[in-house]
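Per-entry structural report
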Amino acid sequence: MSDSNTTDFTNPSTFILLGIPGLEAGHVWISIPFCTIYAIAILGNFTILFIVKKEPSLHEPMYYFLCMLAITDLLMSTSTIPKMLNIFWFNSREIDFSACLTQMYFIQCFSMMASGILVAMAFDRYVAICDPLRHSTILRNSVVAKIGLVVVLRAGMLLIPNPILASRWPYCRTNIIPQTYCEGIAVVKLACSDIRISSYYSLFLAFLVSGVDIFLITVSYIYILRAIFSLPTKDARLKVFRTCGSHLFVFLIFLIPPFFSILTHRFGQNVPLHFHILIANMYLLVPPMLNPIIYGVRTKQIRNRLFQLFTHKGT
């Protein structure tokens, strides 16, 4: 494999994931927080799903959306972190060509689904705070199911062109990817043909689709904040503001790293590679860990039900 970066080929059977170039000596130590974050994400999201399923009082739109987000987080983290840990622990860097394109597709797909679910959750909070009397009639179970279907279909259909285009290009430069996973832009840059179609389409998805999500969430929270400041008591305003503030924090953590990665690939030649890779991993690692805490444990109903489970077991 030593000459894999100079051999000419048109359709590589495998790609080589380098992990975090420049920090190879610290891969085992870096794996500790990665593994810890993954374990917390698995435990937290399964706990959310279990509690919502067992507690009939939580069978409401807000918690249905939370379950959708938990499933998406589990799938997104599981599609990437096990391979990362294989690289860090066993130096298992090879990944099959088709497996790489599949991983690239699902990472992008789950990321777009999570963004769509966050929009749905913002809309749910908007209706619950700004028009509470109509909440149950606007967000019926059938409407929630349709929103979930639209979120899945939007991501699944819009992202199909990316792996199809990537599978048709010749790869005659190298099969080495300086990443811990098959990042879409990193794979595209290995092709030795004109990739402008893919680049423009990726920019379209990143800025138009994500831009629409950002716009909708921003508008929702503007109306929510207006409603918050019209509440009669300071304690009520502070309580709702804390909840909305934590939700916005999670969305920013989810949004900023991928945009940073996209811009760095195109304009950030002076950004250290290991720093770029660590930032690119943040939106795959941190949101799945934070979401159960921000949306789950900090939610009174889920927290109370969790305490009841532990108390019952202890008794």
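One can find the structure itself at the top, above this paragraph.
Residues numbered from 1 in each chain as written. Predicted model: local features only at pLDDT ≥ 70, side-chain atom pairs only at ≥ 80, totals over all residues. Heavy atoms only, no water.

A short note on the packing of aromatic side chains
Across all of its chains, the model carries 10 aromatic pairs by this definition. Ring plane angle 75 degrees and centroid distance 5.8 Å describe the contact between F97 and Y171, whose orientation is recorded as edge-to-face. Linking F97 in helix α4 (residues 97-130) with Y171 in the loop between α7 (161-168) and β3 (176-177), this pair joins segments that are 74 residues apart in sequence. Considered together, F97 and Y171 belong to a single accessibility category, that of buried residues. Members of the aromatic cluster, connected to one another through ring pairs, are F15, F97 and Y171. (Phe/Tyr/Trp six-rings, centres within 6.5 Å; stacked < 30°, edge-to-face > 60°. Helix = DSSP H or I, 4+ residues; strand = E, 2+ residues; numbered from the N terminus. Buried < 20%, exposed > 50% of the residue type's maximum accessible area, 1.4 Å probe, protein only.)

Remarks on the packing of α4 against α7
Two numbers describe a pair of packed helices, the interaxial angle and the distance between the axes. Between α4 and α7, the least distance of the axes is 9 Å, while the angle of their chain directions is 155 degrees. When the interaxial angle is binned, α4 and α7 end up roughly antiparallel. In this structure, α4 crosses over α7, and the sense of that crossing is right-handed. Contacts from F97, L101, M104, Y105 and Q108 of α4 reach α7 at N162, P163, A166 and S167. Residue classes in the contact of α4 with α7 are distributed as 6 nonpolar, 3 polar and no charged. (Axes fitted to C-alpha atoms, helices over the stretch in contact; angles between N-to-C directions. Parallel < 35°, antiparallel > 145°, perpendicular 65-115°, else oblique. Left-handed = near helix turned anticlockwise from the far one by under 90°. Contact = heavy atoms within 4.5 Å. Nonpolar A, V, L, I, M, F, W, Y, C, P; charged D, E, K, R; others polar.)

Regarding the sheet that holds strand β1 (residues 14-17)
The strand order across the open sheet formed by 3 strands is β2-β1-β3, and the pairing between neighbours is mixed. Where the open sheet ends on each side, the last strands, each with one partner, are β2 (94-96) and β3. For β1 and β3, the ladder comprises 2 bridges, and the chain directions are parallel. Paired with L17 across the strands is I177, a residue of β3. Across the sheet, α4 touches β1, β2 and β3, and the angle it forms with β2 is around 85 degrees. (Pairing = 2+ DSSP bridges.)

Overview of the pattern of salt bridges
What the rule picks out here adds up to 4 salt bridges. We note a salt bridge from D131 to R134, for which the minimum N-O separation is 3.4 Å. By relative accessible area, D131 is classed as partly exposed at 25%. On the basis of relative accessibility, which here comes to 48%, the residue R134 falls in the partly exposed class. Close ionic contact of R154 with D213 constitutes a salt bridge, the shortest N to O distance being 2.9 Å. Here the residue R154 occupies a position in helix α6 (residues 141-158), and D213 occupies one in helix α9 (residues 196-229), the gap between them amounting to 59 residues. (Salt bridge = Lys/Arg side-chain N within 4 Å of Asp/Glu carboxyl O.)

Things to note about the environment of V250
Positionally, V250 belongs in helix α10 (residues 234-267). Here V250 falls in the buried class, since its relative accessible area comes to 1%. It is 10.0 Å that separates the C-alpha atoms of V250 and Y283, two residues lying 33 residues apart in sequence. When near neighbours in sequence (up to four residues on either side) are disregarded, V250 contacts N291, I294 and Y295.

What about α9?
Spanning 34 residues, α9 covers 47 Å between terminal C-alpha atoms, matching the ideal 50 Å at 1.5 Å per step. Within α9, the full set of buried residues consists of S198, S199, L205, A206, V209, D213, I217, S220, Y221, I224, A227 and I228. (Expected span 1.5 Å × (residues − 1).)

Side note on helix α3 (residues 81-90)
Because the α-helix completes a turn every 3.6 residues, residues three or four places apart line up on one side. Listing the buried residues of α3 in full gives I81, K83, M84, L85, I87 and F88. For α3, the elements touching its buried residues are β1, α1 (27-54), α2 (61-78), β2, α4 and α11 (273-297). Positive phi shows up at N91, right after α3, with a value of about 55 degrees.

Focus on the nonpolar core
Counting 82 residues, the largest nonpolar core has F15, Y171, I177 and V187 as its most contacted members. Excluding residues within four positions of it along the chain, I177 makes contact with F15, I16, L17, L18, C100, C182, A186, V187 and L190. (Core = buried A, V, L, I, M, F, W, Y, C linked by side-chain atoms within 4.5 Å.)

A few points about the state of the cysteines
Following the criterion strictly, the structure yields 1 disulfide and no others. Two residues, C100 and C182, share a disulfide whose sulfurs are 2.0 Å apart. Given an S-S torsion of about -120 degrees, the disulfide between C100 and C182 has left-handed geometry. In this pair, C100 sits in helix α4 while C182 sits in the loop between β3 and α8 (184-188), placing the two residues 82 residues apart along the sequence. With respect to burial, C100 and C182 carry one shared label: buried. The thiol of C67 is not disulfide-bonded; the next cysteine sulfur, from C109, is found 19 Å away. Residue C67 is classed as buried on the basis of its relative accessible area of 13%. (Disulfide = S-S within 2.5 Å.)

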